[in-house]
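# Architecture at a glance
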Amino acid sequence: KSASRSFYETFQVASEDTLDRPLFELGNGQWDIPELRRMLVEVLPLETTVADFEMEHEFEQIGRKSMRLNARRLIQAADQTPLILLAVEDITHRKQAAADIQEQHERLSVLSEAATALLFANDPEAMLHGLLAKLGPPLGVDAYVNFMVDPGGDALRLVSSDGLSAETARTIER
């Protein structure tokens, strides 16, 4: 039947395109979302309440949105059309912020583990091995080879390696 000004602004729809139109027809059918349809079709006949139903949808004009929905059947006289009060909360930014915080937490955890590996290593080889063990998986690195220039400056000398055989590492040595 109608929507709030916040709905019009958030989902970039005009009131004249929304008033007295079924929800599933709004925005050229963009609101005909299977998850939403199932939720609402269960609400009306069963007179149930739906709380904190989360879903994501890609809209043509505004892109991907994460939404929290709450729905309740409105009590009407027997001869009136049943109505649903549907509250739609755009939680896109909140979910993105939570994902960003989680990613930062994971990075700090890896950094802490790498710092611990460096602090407790007794020699350079142990440091490199410890760093590879901690930093390798998040970075997608599964091997390292450590070469030094020999004293004459004309060749590389294999100092250490991990994640590949010494024989393979030596084939790179020149």
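Our structure's up above, just so we're on the same page.
This text gives an overview of the structure that appears in the document. (Residues numbered from 1 in each chain as written. Predicted model: local features only at pLDDT ≥ 70, side-chain atom pairs only at ≥ 80, totals over all residues. Heavy atoms only, no water.)

### Brief notes about the packing of aromatic side chains
By the definition in use, this model includes 6 aromatic pairs. Ring plane angle 45° and centroid distance 5.1 Å describe the contact between F7 and F11, whose orientation is recorded as tilted. The burial state of F7 is the same as that of F11; both residues are buried. Classification of F7 as buried rests on a relative accessible area of 11%. Across the ring face of F24, the terminal group of R37 is positioned such that the distance to the ring centre comes to 4.0 Å. (Phe/Tyr/Trp six-rings, centres within 6.5 Å; stacked < 30°, edge-to-face > 60°. Buried < 20%, exposed > 50% of the residue type's maximum accessible area, 1.4 Å probe, protein only. Lys NZ or Arg CZ within 6 Å of the ring centre and 35° of its normal.)

### So, the nonpolar core
In this structure, F11, W31, L36, M39, L40, F59 and M67 are the most contacted members of the largest nonpolar core, which totals 19 residues. At the level of elements, α1 (5–10), α3 (34–46), β1 (49–59) and β2 (63–74) are the ones that each hand at least two residues to this core. No other element matches α3, which puts 4 residues into this core. Setting aside residues up to four positions removed in sequence, F11 forms contacts with W31, F59, I62, K65, M67 and V88. (Core = buried A, V, L, I, M, F, W, Y, C linked by side-chain atoms within 4.5 Å. Helix = DSSP H or I, 4+ residues; strand = E, 2+ residues; numbered from the N terminus. Contact = heavy atoms within 4.5 Å.)

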